2 protein chains.
Amino acid sequence: MGIRKNAVLYSCAIALAAGASWLAAEDNEDTLLARAQQTFKPLPADAGTPQRPLTPERVALGRALFFETRVSSDGKGSCGGCHNPYFYGTDALPRSVGVGGKVIPRNAPTVFNTALQLVQHYGGNRADVEEQAVKALVSPLAYGNADYAAAEARLRALPGYRAMFEKAFPGETEPVTAKNWGKAVGAYERTLLTPAAFDRYLKGDKAALGAQAKQGLDKFMSYGCSGCHNGVTVGGQMFQKFGLTQDYWELTGSKEIDIFKGRDKGKFQDTKNDADAFIFKVQQLRNVAVTPPYFHDGSVAELGDAVRIMGKLQLGRDLTEIDVSDLIAFLQSLTGEVPAQFAATPSLPAAAYKY
Amino acid sequence: MGIRKNAVLYSCAIALAAGASWLAAEDNEDTLLARAQQTFKPLPADAGTPQRPLTPERVALGRALFFETRVSSDGKGSCGGCHNPYFYGTDALPRSVGVGGKVIPRNAPTVFNTALQLVQHYGGNRADVEEQAVKALVSPLAYGNADYAAAEARLRALPGYRAMFEKAFPGETEPVTAKNWGKAVGAYERTLLTPAAFDRYLKGDKAALGAQAKQGLDKFMSYGCSGCHNGVTVGGQMFQKFGLTQDYWELTGSKEIDIFKGRDKGKFQDTKNDADAFIFKVQQLRNVAVTPPYFHDGSVAELGDAVRIMGKLQLGRDLTEIDVSDLIAFLQSLTGEVPAQFAATPSLPAAAYKY
């Protein structure tokens, strides 16, 4: 198999590089980069689109609303409560905790770069970050509002926001709406991209990755990981059955989930279509090294275990310790910086909360 | 009464200043500043003491621990959950929400400048911020740990912290302890001071306060507010009965509190000594304009109402609208900036959470 052979050649080239064949090493370096460039894409500056414009007013409003707790039913929940700055846009929990301490049945993925994924949620039942954000408002677990009107009433009770909504959505008779809340939060999220060493590499800086990360990249592509984890977010662009070679919980140790009356069947939970059983959106892998625990239910704590399990469950491959170590080195090259507009949280309009 | 007469003269001086008596206005300006300097003190650079040294290592550790959620029983609670950057170190709620959605019986005061208060908590039952922090760890409402050992077990399960504790507490055999958690969090809190226009004024910059703020300052001292709200934190340095002229709930609308089996009686709730009934620590007023709602139970949403109620309850005075407006102008001069090391939240050690 050409790819496998190439990998072996590449490994040899690395081993010999100190002594001899610089030309061969250079050739292999070029080949590796070319393969990577066919499979992945560097991050754009932001995830705005003509339909989702990132005006400064909309982003500033969305940034405030992202951290705003007073719109939730107990005055405590917010986007930032599960996607927080100290854990790279996650809550570092296996499964998130919503209003009133209610456990959300799935893990909170990082908000970073998520706007660039094909769809949102593990089952893919949210078209984009705007839909995800606005529907969270009426989730009984996340924000706990009875309906959008209840959420809007809370928003309108905070007088400091009206002027911000008017600027972000000029010309609208009543701009303080749940729908605009979603658009604003979405606009902010579309700025939360985290360029990493791997982006510099994809743009041609071959020194951006160390030797082991390159080994890992080679294996990531050769072993088949990149068959699903590809594109700009290294995943997040397609669906796949989780557990191709055996039931996932045999390796992840996942428990049955009350709300699902058994195992989490992914997309099936929304569609109830048997063909969707155990179909999940392929997870994006940007920042994976700093966002444990892993999988849709956070059932695996360590990155090495997650890599081993994926090799076995999806590829039927028993990865060696060297494989795991190389793959982790590559995955670490996907770690970016926490965006400044996220690490520095905003001061929100001081205003009365209804007692 | 000399003070009252002085205030009248001062008002006249302001009114006439544009036309004539600059000298009189200048004299009154000097007098006002001198009175203020006798009553209040500008903020120091930090609240460290020889016993509570603010080493960089201890402050950095404390900053991480302040926002660390994985030490609470549901993986969601933290100091920063109730004292957060977007609401000037408060949660903007009447009463805070702890682990599992449990309502804490009192309002979360701002963490800013709190280390400079005489004692901590509304009833004063915490000697300092270190004691407050460490006892929160085993509060069934705040962090929900069964005991310090449970909290320490959670801390030690996060491997990223050990090196930070070792640096912050060198030479200790086992530095990862609840006690050191309190010392580190306390050290960080001792850096969270917010110098404001009023501090510049106290240091001699008479232009730091506008004319109305000076009117308000004059009234604040002349009417007797500063009899209790004085010192470096403009309050927080003594105890006082809340409701000197009538029961506080007649004006605040405070509800009975389940956990207290009736009205909140302040210090009495801890001591059960009748002499302590309705005795509360005088609240500090720094950042009061941006930290609604007001009072120990957040029962009053608007600053103007809080000022009016205090005039009546504590001084038996019906403040005019002009009084209220002037006093608010002064109180606004106590608003500082959110400290940079608080607005920018840290990235915390990525590590496994026990599933």
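Residues numbered from 1 in each chain as written. Chains lettered and ligands numbered in written order. Predicted model: local features only at pLDDT ≥ 70, side-chain atom pairs only at ≥ 80, totals over all residues. Heavy atoms only, no water.

1. With respect to helix α5 (residues 129-136) of chain A
All names here are of chain A. Put simply, the test is: We call a residue buried when its accessible area falls under 20% of the maximum for its residue type, exposed when it is over 50%, and partly exposed in between, using a 1.4 Å probe and counting protein chains only. The way it works is that DSSP assigns letters per residue, a run of H or I at least four long becomes a helix, a run of E at least two long becomes a strand, and they are numbered from the N terminus. We call two residues in contact when some of their heavy atoms are within 4.5 Å.
Among the eight residues that make up α5, six are buried, leaving the element largely enclosed by the rest of the structure. Taken together, the buried positions of α5 are Val-129, Glu-130, Glu-131, Ala-133, Val-134 and Ala-136. Buried residues along α5 sit against α6 (148-156) and α8 (178-189).

2. Some points on the confidence of the model for chain A
All names here are of chain A. Selection criterion: On a range of 0 to 100, pLDDT expresses the predictor's confidence in each residue.
Averaged over every residue, the pLDDT of chain A is 92; the share at 70 or more is 92%. Ignoring residues within four places in sequence, the model shows residues 12-20, a span with pLDDT below 50, making six contacts including any to other chains. This complex was scored by the predictor with a pTM of 0.90 and an ipTM of 0.87.

3. Comments concerning the relation of the copies chain A and chain B
In this arrangement, two copies of a chain are superimposed by a rotation about an axis accompanied by a shift along the axis. Selection rule: Here the copies are matched by least squares. The fit uses the C-alpha atoms of residues with pLDDT of at least 70 in both.
Of the two same-sequence chains, chain A is brought onto chain B (RMSD 0.0 Å, axial shift 0.0 Å) by a rotation of 180°. Both copies of the chain, as the preceding transformation shows, are related through a two-fold rotation axis. Among all C-alpha atoms of chain A, that of A:Ala344 lies closest to the rotation axis, at 1.9 Å. Of the residues that chain A buries at the interface, 100% are likewise interface residues in chain B, meaning the two copies contact each other through the same surface.

4. Side note on the interface of chain A and chain B
A common way to report how large an interface is uses the accessible area buried once the components associate. Rules: Once two parts are put together, the accessible area they lose, assessed with a 1.4 Å probe and summed over both, is termed the buried area. Salt-bridge detection follows one rule: a side-chain nitrogen of Lys or Arg within 4 Å of a carboxyl oxygen of Asp or Glu. Amino acid classes used here: Ala, Val, Leu, Ile, Met, Phe, Trp, Tyr, Cys and Pro are nonpolar; Asp, Glu, Lys and Arg are charged; the rest, including Gly, are polar.
Each partner contributes residues to the interface: chain A has 42 residues there, and chain B has 42 residues. Both faces considered, chain A and chain B share a buried interface measuring about 3,300 Å² in area, 61% of it formed by carbon and sulfur atoms. On the surface where chain A and chain B come into contact, there are zero salt bridges. Looking at side-chain class alone, the side of chain A that touches chain B contains 23 nonpolar, nine polar and 10 charged residues.

5. Things to note about the environment of B:Cys228
Residue and element names in this part refer to chain B. With respect to the element layout, Cys-228 can be found in the loop between α10 (211-222) and β1 (239-241). For Cys-228, a relative accessible area of 18% puts it in the buried group. For the pair Cys-228 and Leu-43, spaced 185 residues apart in sequence, the C-alpha to C-alpha distance is 18 Å. Beyond its immediate stretch of four places on either side in the chain, Cys-228 contacts Gly-235, Met-238, Gln-240 and Val-282.

6. A short note on the environment of A:Tyr122
All names here are of chain A. Cut-off, in case you're wondering: Here a polar contact is taken to be a pair of N or O atoms separated by no more than 3.5 Å, where protein atoms must pair a possible hydrogen donor with a possible acceptor and residues adjacent in sequence count only if both atoms sit in side chains.
Examined against the element boundaries, Tyr-122 turns out to sit in the loop between α4 (79-82) and α5. With a relative accessible area of 7%, Tyr-122 lands in the buried category. C-alpha of Tyr-122 to C-alpha of Gly-266: the two residues are 144 residues apart in sequence and 6.6 Å apart in space. Looking at Tyr-122, its side chain comes within polar contact range of the main-chain oxygen of Asn-107, at 3.1 Å.

7. Thoughts on the packing of aromatic side chains
In plain terms, the rule: Any two rings among Phe, Tyr and Trp, with Trp reduced to its six-membered ring, count as a pair given centres within 6.5 Å; such a pair is stacked if its planes are under 30 degrees apart, edge-to-face if over 60, and tilted if neither.
In total, this model carries 50 aromatic pairs over all chains according to the counting rule given. Between the aromatic rings of A:Tyr86 and B:Phe67, the centroid separation amounts to 5.2 Å while the plane-to-plane angle is 40°, which identifies the pairing as tilted. Here B:Phe67 lies in helix α3 (residues 56-67) and A:Tyr86 lies in the loop between α4 and α5, a pairing that spans two chains. Neither residue differs from the other here; A:Tyr86 and B:Phe67 are each classed as buried. Arranged with centres 6.2 Å apart and planes meeting at 70°, the rings of A:Tyr248 and A:Phe278 form a pair that is edge-to-face. Here A:Tyr248 is found in helix α11 (residues 248-252), whereas its partner A:Phe278 is found in the loop between α12 (268-271) and β2 (279-281), with 30 residues between them in sequence. You can call A:Phe278 buried: its relative accessible area is 16%. Three or more aromatic residues joined by ring pairs form one cluster here, namely A:Phe66, A:Phe67, A:Tyr88, A:Phe112, A:Tyr188, A:Phe342, B:Tyr86 and B:Phe87.

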